[in-house]
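Each chain, letter by letter, is given below.
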Amino acid sequence: MDITGRKLFVRALLEEGVDTIFGYPGGMVTDLMDELYKQEEIRVVLPRHEQALIHEAEGYAKATGKVGVCLVTSGPGATNTITGLADAHYDNIPLVCFTGQVPLNLIGNDAFQEVDIVGMTRSVTKYGVTVRSRKELGRIIKMAFHIARTGKPGPVLVDIPKDIQVQAGDANYPSSIHIRGYKPSEGVHVGQLKKAYKLLKSAHKPLILAGGGVLLGGASAQLLQLVEIMKIPVVTTVMGKGALPNDHPYYIGNSGMHGKYAANIAVSECDVLFSIGTRFNDRITGDLNEFAPKAKIVHIDIDTAAISRNVVVDVPIVADAKLALEKLIEWAEPKNTKNWLEEIRAWDRENPLQMRRDKGMTPQMIMEAVNREFDSCIITTDVGQHQMWATQYLKFGGAKKFITSGGLGTMGFGFPAALGAKIGCPDEQVLCITGDGGFQMNMQEMATAITEGAPVIVCLLNNQYLGMVRQMQQLFYGKRYEATCLRRRIDCPANCKGKNEACPPYLPDFMQFAKAYGAHGIRVEREEDIAAAIKEAKTYTDAPTIIEFLISSDELVLPMVQGGNPMNKMILK
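This text gives an overview of the structure that appears in the document. (Residues numbered from 1 in each chain as written. Predicted model: local features only at pLDDT ≥ 70, side-chain atom pairs only at ≥ 80, totals over all residues. Heavy atoms only, no water.)

**Observations regarding the overall build of the protein**
(1) Moving on: Scanning the protein from N- to C-terminus turns up 23 helices and 20 strands.
(2) Moving on: Against the compact-globule benchmark of 25 Å for 573 residues, the protein has a radius of gyration of 25 Å, which places it among compact chains.
(3) Moving on: Judged by the C-alpha coordinates and their principal axes, the protein covers about 75 × 70 × 45 Å.
(4) Moving on: The long-range fraction of contacts in the protein, counting pairs at least 24 apart against all pairs at least 6 apart in sequence, stands at 74%.
(5) Moving on: When the accessible surface of the protein is totalled, it reaches about 23600 Å², and 49% of it is carbon and sulfur.
(6) Moving on: Between the mean site of the 62 positive side-chain charges and the mean site of the 63 negative ones, the protein shows a separation of 5 Å. (Helix = DSSP H or I, 4+ residues; strand = E, 2+ residues; numbered from the N terminus. Rg over C-alpha atoms; globule rule 2.2 N^0.38 Å. Contact = heavy atoms within 4.5 Å. Areas by Shrake-Rupley, 256 points an atom, 1.4 Å probe, with all protein chains shown as cover. Lys, Arg positive; Asp, Glu negative; His and termini not counted. Charge placed at Lys NZ, Arg CZ, Asp CG, Glu CD.)

**Quick notes on the environment of D314**
(1) Moving on: Looking at the element boundaries, D314 is found in the loop between β13 (296–301) and β14 (315–318).
(2) Moving on: Considered as a pair, D314 and A295 are 19 residues apart in the sequence and their alpha carbons are 9.4 Å apart.
(3) Moving on: If sequence neighbours within four positions are ignored, D314 has contacts with A295, K296 and I297.
(4) Moving on: Within the structure, D314 has its side chain in polar contact with the backbone nitrogen of I297 (distance 2.7 Å). (Polar contact = N/O pair within 3.5 Å; in protein donor to acceptor, adjacent residues only side chain to side chain.)

**A short note on the pairing of strand β2 (residues 20–23)**
(1) Moving on: Residues T20 and F22 of β2 are buried on one face, and the alternating residues I21 and G23, pointing to the opposite face, are buried as well.
(2) Moving on: Examined bridge by bridge, β2 and strand β3 (residues 43–45) share 3 bridges and lie parallel to one another. Across the sheet, residue T20 finds its bridge partner in β3, namely R43.
(3) Moving on: Once the chain exits β2 it traverses helix α2 (residues 30–37) before rejoining the sheet at β3, and the crossover so formed is right-handed.
(4) Moving on: Relative to strand β4 (residues 68–72), β2 runs parallel, the two sharing 2 bridges. When the bridges of β4 are listed, F22 appears paired with C70. (Buried < 20%, exposed > 50% of the residue type's maximum accessible area, 1.4 Å probe, protein only. Pairing = 2+ DSSP bridges. Right-handed = clockwise from strand over helix to strand, strands pointing away.)

**Describing a nonpolar patch on the surface**
(1) Moving on: Among the surface-exposed residues, V469, M472 and Y477 lie close enough to one another that they form a single nonpolar patch of about 260 Å² accessible area.
(2) Moving on: You can see Y477 is positioned in the loop between α21 (467–476) and α22 (510–517).
(3) Moving on: The exposure class of Y477 is partly exposed, given its relative accessible area of 47%. (Patch = residues over 30% accessible without salt bridge, like charges linked within 9 Å, V, L, I, M, F, W, Y side chains within 5 Å. Salt bridge = Lys/Arg side-chain N within 4 Å of Asp/Glu carboxyl O.)

**Some details on the pairing of strand β19 (residues 520–524)**
(1) Moving on: Of the two faces of β19, only one is covered, namely that formed by H520, I522 and V524; the face formed by G521 and R523 stays uncovered.
(2) Moving on: Since β19 and strand β20 (residues 545–550) lie parallel, the crossover through helix α23 (residues 530–539) that links them has a hand, and here it is right-handed.

**Observations regarding the packing of aromatic side chains**
(1) Moving on: Per the stated rule, a full pass over the model turns up 13 aromatic pairs.
(2) Moving on: A centroid spacing of 5.9 Å and a plane angle of 90° characterise the contact between F439 and F513, whose relative ring orientation is edge-to-face. Linking F439 in helix α19 (residues 436–441) with F513 in helix α22, this pair joins segments that are 74 residues apart in sequence. By the burial criterion, F439 is buried, and F513 matches it.
(3) Moving on: Linked through ring pairs, F415, F439, Y506, F510, F513 and Y517 together constitute an aromatic cluster. (Phe/Tyr/Trp six-rings, centres within 6.5 Å; stacked < 30°, edge-to-face > 60°.)

**Some remarks on the pattern of salt bridges**
Side-chain pairs of opposite charge can arise whenever the charged atoms involved come near each other.
(1) Moving on: A complete count under the given rule lists 29 salt bridges for this structure.
(2) Moving on: R6 is the salt-bridge partner of D34, the closest N and O atoms lying 2.4 Å from each other. Of the two residues, D34 sits in helix α2 while R6 sits in helix α1 (residues 5–15), which places them 28 residues apart along the sequence.
(3) Moving on: A relative accessible area of 34% means that D34 is categorised as partly exposed.
(4) Moving on: One salt bridge in this structure joins E35 and K38, with 3.7 Å as the shortest N-O distance.
(5) Moving on: A cluster of three or more residues bridged by salt bridges with shared partners is formed by R6, K7, D31, D34, E35, K38 and K162.

**Brief notes about helix α11 (residues 220–230)**
(1) Moving on: Here α11 has its buried residues at Q222, L223, L226, V227 and M230. The arc that holds every buried residue of α11, seen down its axis, measures 135°, which confines them to one face.
(2) Moving on: Those residues of α11 that are buried lie in contact with α9 (190–202), β9 (206–210), α10 (212–216), β10 (234–236), β12 (272–276) and α14 (321–331).
(3) Moving on: Phi turns positive, to about 60°, at K231, one or two residues after α11. (Arc of directions from axis to C-beta.)

**A short note on empty space enclosed by the protein**
(1) Moving on: Inspection of the entire model under this criterion finds 2 cavities of 30 Å³ or more.
(2) Moving on: Empty space within the largest cavity amounts to approximately 50 Å³.
(3) Moving on: Class assignment for the residues of the lining of the largest cavity results in 5 nonpolar, 1 polar and 2 charged.
(4) Moving on: Its boundaries defined by the atoms lining it, the second largest cavity holds a volume of some 30 Å³.
(5) Moving on: The wall of the second largest cavity is formed by N264, V267, S268, E290, F291, A292, P566, M567 and N568. (1 Å grid on protein atoms, 1.4 Å probe; cavity = no way out; pocket = protein on both sides within 12 Å on 5 of 7 lines; lining within 4 Å. Points joined across faces, edges and corners; volume = space filled by probe spheres on them. Nonpolar A, V, L, I, M, F, W, Y, C, P; charged D, E, K, R; others polar.)

**So, the sheet that holds strand β7 (residues 155–161)**
(1) Moving on: In spatial order, the strands read β3-β2-β4-β5-β7-β6; together these 6 strands make up an open sheet with parallel pairing. Whereas interior strands pair on both sides, the edge strands pair on one side only; in this sheet they are β3 and β6 (127–130). Direction aside, neighbouring strands of the sheet carry axes that sit 20° apart on average.
(2) Moving on: Direction of pairing for β6 relative to β7: parallel, over a ladder of 4 bridges. Bridge pairing in β7 places Y127 opposite V156.
(3) Moving on: Strands in contact with α2 are β2, β3 and β4; relative to β4, the strand with the most contacts, it is inclined by about 125°. (Axes fitted to C-alpha atoms, helices over the stretch in contact; angles between N-to-C directions.)

Structure below.
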């Protein structure tokens, strides 16, 4: 018996195990929404903006390990998802985004709310397609989920014209799919891996660089086992944070632009850099000519295109991180790295990661309180100074998960991602670390948090500036704070050099904002009130809580490497 495309759409979602879809209605998806209304197995979450919608799907996917699913209408509904698709593309988050489209006979005629969303997103999706035949609908949806979750995960876009949604056709949904030319790596080249192991075994100063691919591949346990057998120190990228428990004696810290001093020096001094699941972007390498200059470099990545794209490596290995580490464990033997570890620890003692404690409440104090108060939780961040402080001072691994926007660096990501994580994992405590700038980019999602019963805790570090850009203006642009002061008004002096007694009041009042939405608000100005505020927030399970921490606008993220410089040339004070 034939069924409509809209019925097959819902059947396909159920067959794929979808339990939640983040959707925003509009003319070209009304039929699909109507069909979703008729069933009870799939929860439809209504955000307040499509950009927030796709970040919520990202948070859901990262927290649950499932494919995040979105549904938006054509035109502006579709274009509002582009930032999220790019974010998911760079951070390898499995998403399937369904967009409505005008009927086939109107495509190309500049119809109302018609855009070529497939063309627009081609560079930031694993695959994108407009369904042009009802008989192809089931196969394309099956293909979309398969591509999104296999190999290096990523976003897939399926554009469904309105007439395809209502047209009758085959009711069958395929149980499997074969895609010619799409063959994700499923094994490991043993010969290449043996070359890598020989380098590791003979090294005097070996170092493992763990990226987000370790977490994506579910390889944290294998990394821990290898490290403990061979006694090799580990540094991580921002996206690799938590790949090894952060309190492990062989974990040094994050490397990169705002990495730990000891971690960056270790990269510069090691003789073998064994990297797993990282793209070697500029935030990790700095000046490519000076990156790991003394090292032979091994690079394990599931994506062939990522290897030797930025850093030319000595031993390339295309493999799943978990499979590669499991094979290495079979060969692994203990190494004597005592002297090398002591050298690294001496660098750490020389320039420890530490903020001053004699000038009031600091971001480090806030992060340390979060460490003490939460043994198990999911923490999301927005993008900016607070994100870097979180990666520097929060401890992850084990029962704590970390979700952030790494590759694209998307302000407005943190709060909706936290909501998606909470919706996907309702029994987990979910925190969002955000700044006053980033939070305002998607603060309308407080309505979604209330209506969906997602009582997340928002730790809002308010320095009254767009802090990361202000930091660059302070260090490199003569304190010319153009377009970064969030208190600035049209009648402020043109050459203002920073906060002073004449400054107008800050807007908005986040405590009144919380109250307006029926959420809880707590304002903290002193170090001694940090712990009590967090404890109080944990008691509120009926609605979200905003804890507004009023921090100094002069706080900087240090160490810092100026763009284009070698990673061992750090600004420390």
